[in-house]
Every structure is written in C-alpha cells, then in structure tokens.
2 protein chains.
Amino acid sequence: MNSTDFVKAYAPATVANVCCGFDVLGFALDQPGDEVWVRKTEAQGITISAIHGIEGLSANPAENVIGVVAQKMLEALEVPHGLEMQLHKGMPVGSGLGSSAASSAAAAYAVNELLGSPFSTKELVVFAMEGERKASGSAHADNVAPSLLGGFVLVRDYEPLDVVELGVPLELYCTVLYPQIELKTSLSRQILKQEIPLKQGIRQWGNLAGLMAGLLKKDYALLGRSLHDAIFEPERSILIPLFKQVKSAALAAGALGAGISGSGPSIFALSATRAQALAVQEAMEAIYSGSGIETKSYVAQVPEQGVRLVGHSSYKPAQL
Amino acid sequence: MNSTDFVKAYAPATVANVCCGFDVLGFALDQPGDEVWVRKTEAQGITISAIHGIEGLSANPAENVIGVVAQKMLEALEVPHGLEMQLHKGMPVGSGLGSSAASSAAAAYAVNELLGSPFSTKELVVFAMEGERKASGSAHADNVAPSLLGGFVLVRDYEPLDVVELGVPLELYCTVLYPQIELKTSLSRQILKQEIPLKQGIRQWGNLAGLMAGLLKKDYALLGRSLHDAIFEPERSILIPLFKQVKSAALAAGALGAGISGSGPSIFALSATRAQALAVQEAMEAIYSGSGIETKSYVAQVPEQGVRLVGHSSYKPAQL
C-alpha cells in the first residue's frame, strides 16, 4: 500500500470472558465498533489530530491507546517518519464491550496497512495488547484478538502467547445491553477472589469444555447448557443493577445463554437467530424500562471477519 | 436377545483426567480390558461363580463391582430371575487405568444385552457409575463413560449428569506405563488442595479449551501444547517414583504430551502414530529399567468403540 497516503480501519466490539471462559475466551460482534484514520507525516512522532464520537479522551499519543499502539509499531519497524491519527469512537467507553480493544485493534491494523502490511493480522495482536496495557494496566488479549481476527478466539496461554482462532462454526447472534452506569474494570477485578474452590473450578472447566464442544460440534443445545459461570458472575453481578432479572428475561425470551460481557456492566445473550436476538433485546430492555438507568443495546452477528479496511486514499476527513 | 442363554462383553481400560481435563475428560484404549460373562438363573439374586486373571477380588456380589452394577439393573428393571456372572480381569487393579470402570462397564453391557437391551449404551453410564461408587466411594463417570462409549468423552457436569461423546476426531495412540507400586485412589485424592489459585485455574481451563480445540479441529500441535497440568500433577506425581524422568523421556521420544493416568500410578503419553507410541514405550520403559520397580506397559489406539459383545450362546466357560 505504498501508493496510499492514508488508511482508515474499522475494528468491532467484542465480548470477553463468555461465562465459563473467564480470561481465555472472546468473540467479535459485527457492530458497534471504532474507526482509526492514519496518514504518514514527514515530521517524526505521532499526533492525534481529532477524536470524534466521544468527549474527554486524551489526544496525547502517549495517553491514548491508538497512539500507544502506533508508537510500538513504529519502534518495531524503525520507521523514519511520523503519523497523524484520528479516532472515531463508535461505542461507549467503560461498557465491557472491549472499547479500548477496538480502538487498539483498528489502530494496529490501519498503521500496518499504511506501512505495507509488514505484519499478519495475527501478529498485530501483541501490538494491540499494548493498548490494553495502557487502558487497564494488564496486556490481556481476550478482546483485541477477536477484534482483530473475528469469530471466537481462545487465548490458551500467555507464556508464550497462544492465540487460537476458532472461527464461527455455527451461526450466532448476540444481544448486548449496556446499562449506563460507571463501573471500572479495576474495581470489577478487585472483587475477585484469588483462590477458588476446587469443586467450582472443576464445574467451570467442565462447562468451558462443553462450550468448546458445542461450538466446534455445532450443537446449540450443548453450547447453551454450558454457558454458566458459578465463580465470577455471583461476585461481579452485584455491581450491575437488575442483572439477575435481565439474565432471566433473556433466557425466558429464548436466549441460549447470557452473562456479563467482559467485566461489565454490559450484559450479553447469545441466540441462534437474529429474530430471537431481537426478541431477547426487547425482553432485556423491558427490565430497565422505568428504572431510571439509561441503556444502549445492540443486536450483532458474530462475524467471521474482525478488523477491516474501510477507507484509503479517496477518503478525506472533513477536518483536513 | 431373548434366545440367548448367556452373553460375554469386553470393556476397555480408560485414561481419565488427561492433564488439564481433571475430573471431566477421559478416553478409551482399545486394550487392555475386562470381560464379564453373564447368564440368567431361575433362582433369584446374583452369584459370581468365577473370577479369572486376578487374585483376591471378592466373589460376593455385594462387594464386587460387577455384582453391584448388575443388582442396580435388576432392581431398575424388576427382573423376575437371577444372574450368574463371571469376571475375567485383563488388567491390573489399582493402576489408574480404570480397572473398576472396565469391569463395571462390561457388567452393565452384558446384563443389558442379556435382558434384551432395554437401555441404550449411554443410559448404562449411570449403572456403571454405581460400580465406581462401590470401588472408590465416589460415583464418577470419567472412566465408565469412555469405557462404554469409546473415544474421548467429556463429563460436563453431574447436576444433572451431562455426558458428551467427542468420538475420535483425529487418530491417536496412547502409551501407558504402569509402575507396579501400590497407590490408593483415596490417598491420591487426599493430597489434593481444596482451593486452587485463580491464576492456575485460568491456565488450566485455557489448556483444556485448547485440548478440546486441538481434538475437534484435528490439530495435533495444539493438542500437544495444551497437554499440561500445573495444578494436580505437581502434587500427585511425588507419589510416583521417576515420574518426571518418564514424562521427559516420553516427550523426548516424540510424544505429543504425557501425564498421570487417572490418579496414577500409571503414566500415559499420546502420540500421532503407532510407531511413535512404540518408540515412546521403549523410552519410558528404559527409565524404570534397573530401578527395581516392576512395570507393565501397553500401546493402544484410542478406539471409536468402547464396550462390545465378544460372545454369546456358543461360548461356554470351561468351568460349567
């Protein structure tokens, strides 16, 4: 892409943890998502010239995840020029939908495209993880990997990093409901116990193995039976108003399973069809109706593809 | 099978736990295994008229797992006659290779065949589990289910019981080495901690998810990378002399992975070909050579089929 002056990439929201898949499993949604625009500059260094769609995010490239990710890539490649970047946030921050991951993934992909694709998309995971390190203090991969790679992704281990693409063996639709309360990931992590009862551990990994088998053997019923989390959900859900009622409503409306998205406060539910996912959305929204809590909700398909190019050359942001 | 006077069934040895699959995953071996012979008697009740291949097992039907399993089936079916049974042990007891499970599975299958197959093979799992309850005090399914159903089997949960047949998506050969030391399952369970560090739990279920993905996506390398157990193996392997050396030798000889079979003392190693499994056997045996510990070892394929009929009508035990 040497002939291209600028590139724009879109990276989608993601659901991590996925009930029994705590810290190891995530999947992509086809929407919402973030866009990152980038062009080369003769001057060294990175500037973030605009941030759209959200208030209050820093445009300091050392403080914004897109600048952090891009900087790591420039260093790795020893690029002799600088970058101008713009971020278009298409999703709420702090929602549990992988907002920082989507920005990081879009930045990594856009910069890679601009520089002639020196890295495969899978190789971009380690760069996007640096955005997560900046955002949450921990370089986890369970949001950035599905945002980059699409479908379901297993992060088997970190020492060394082993990212396993599972794809989308069976069609799935995800309803996500974001109750607009403030919930810091760090708080949500603090309340986790550092020791778990062996019996709970065994049930948890039995369910995760069932979830994997349901997915890979294309068995919706098994997938649904396996979507449980008896360890973290009881602790974390107390931070999410009306969680139990919303989850019950989703299951009653036909969802295969439901749980906390990431570390919350968003709640996700998986369904086998779009019609079902829409009915689930209505049921989940109804619980918050009149509660005084504002919500945003989405119905998304779990897509085969994650991050993608949405513009280059012919695209000019209005500001330039 | 109303016209049949007697039935003989063979049920194979099994490997449970499978590294990261502690308490939830097991697989069958095509050999060794146990045979159970059964015929109807006019008199009520169960008699065990012979036990071959082993010394010291009780012939009291209330004390031997084959009698316990058969009794549960007679009660469930309200059968108006009795049974005469014989057990042919083809494998060592207390080896960690699912010896009581093989006897229980063979008994359940033989009795079911003799009575006209009122139950499916999968439905026999709950009866065979009663043999495990007798043998170890805990009605676990992770040996009896693969012994009955063949291939790999996931016991996702017990409340309610959810047995998931995974089959044999990719060809696998298992080397098992049994160092002939006494090791009681109850002792091996006693040394387990009842709480596990969260970090270890996450790595364990990441590996189990990787093992499932490796198996179901037919990816030998991923399966091999996932065969780890950082929780139980360090505790239990101290009861098995030379464990570390044997495991290292197996891996050096080309095994995909290795670990403790069940609760030991047998050690298993998985390989992609029979030739590899034979080379692994030689390497594992070499470690014990000259140690003063007697060993038995087997190379087995993971078979699609578990328990099977090996004789009926035309077969007459020499003793009758």
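Residues numbered from 1 in each chain as written. Chains lettered and ligands numbered in written order. Predicted model: local features only at pLDDT ≥ 70, side-chain atom pairs only at ≥ 80, totals over all residues. Heavy atoms only, no water.

The name an unreviewed UniProt entry gives chain A is Homoserine kinase, with Rufibacter immobilis as the organism. Word for word, the UniProt comment on chain A under Sequence similarities (unreviewed entry) is "Belongs to the GHMP kinase family. Homoserine kinase subfamily." (UniProt positions renumbered as here; feature names shortened; annotations may be inferred.)

Novice: I'd like to hear about the interface of chain B and chain A, residue by residue, with values.
Specialist: Contact residues are listed per partner, giving 37 residues for chain B and 37 residues for chain A. Where chain B abuts chain A, roughly 3200 Å² becomes buried across the two surfaces, and 64% of that area is made up of carbon and sulfur atoms. Sorting the residues of chain B by area buried against chain A places R156, L198 and W205 of chain B first, and these three jointly supply 24% of that buried surface. At the junction of chain B and chain A, the tally comes to six salt bridges. (Contact = heavy atoms within 4.5 Å. Buried area = accessible area lost by both parts, 1.4 Å probe. Salt bridge = Lys/Arg side-chain N within 4 Å of Asp/Glu carboxyl O.)

Novice: Which residues make up the pattern of salt bridges, and what values go with them?
Specialist: Taken as a whole and judged by the stated rule, the model has 22 salt bridges over all chains. Among the ionic pairs, K134 of chain A bridges to E63 of chain A, the shortest N-O distance being 3.5 Å. Here E63 of chain A lies in the loop between β3 (46–52) and α1 (65–77) and K134 of chain A lies in helix α3 (residues 125–136), a separation of 71 residues in the sequence. What makes E63 of chain A partly exposed here is its relative accessible area of 44%. Across the pair R225 of chain B and D162 of chain A runs a salt bridge, and its minimum N-O distance is 2.7 Å. Note that R225 of chain B is positioned in helix α7 (residues 220–226) and D162 of chain A in strand β6 (residues 161–167), a pairing that runs across two chains. What makes R225 of chain B partly exposed here is its relative accessible area of 34%. Among the ionic contacts, a cluster of salt bridges with common partners joins R156 and D162 of chain A together with R225 of chain B. (Helix = DSSP H or I, 4+ residues; strand = E, 2+ residues; numbered from the N terminus. Buried < 20%, exposed > 50% of the residue type's maximum accessible area, 1.4 Å probe, protein only.)

Novice: Kindly report on a nonpolar patch on the surface, identifying the contributing residues and their values.
Specialist: Taken together, the side chains of V126, Y158 and L161 of chain A present a nonpolar region at the surface, about 220 Å² in accessible area. Counting through the fold element by element, Y158 of chain A comes out in strand β5 (residues 152–158). (Patch = residues over 30% accessible without salt bridge, like charges linked within 9 Å, V, L, I, M, F, W, Y side chains within 5 Å. Areas by Shrake-Rupley, 256 points an atom, 1.4 Å probe, with all protein chains shown as cover.)

Novice: Explain the UniProt feature "domain: GHMP kinase N-terminal" (unreviewed entry) in chain A residue by residue, including any values.
Specialist: The residues that UniProt annotates with the feature "domain: GHMP kinase N-terminal" (unreviewed entry) are residues 66–151 of chain A. From the first C-alpha to the last, residues 66–151 of chain A spans 23 Å; its make-up is 53% helix and 8% strand.

Novice: How would you sum up the pairing of strand β7 (residues 173–179) of chain A? Please name residues and give values.
Specialist: Residue and element names in this part refer to chain A. Taking burial as the measure, the seven residues of β7 include seven buried ones, the bulk of the element. The two faces of β7 match: Y173, T175, L177 and P179 on one face and C174, V176 and Y178 on the other face are all buried. In this sheet, strand β10 (residues 267–271) lies alongside β7 in antiparallel orientation, the contact comprising five bridges. When the sheet's bridge partners are listed, C174 is paired in β10 with L270. Relative to strand β11 (residues 295–301), β7 is paired through seven bridges, and the arrangement is antiparallel. From the neighbouring strand, Y173 faces β11, where its bridge partner is Q301. (Pairing = 2+ DSSP bridges.)

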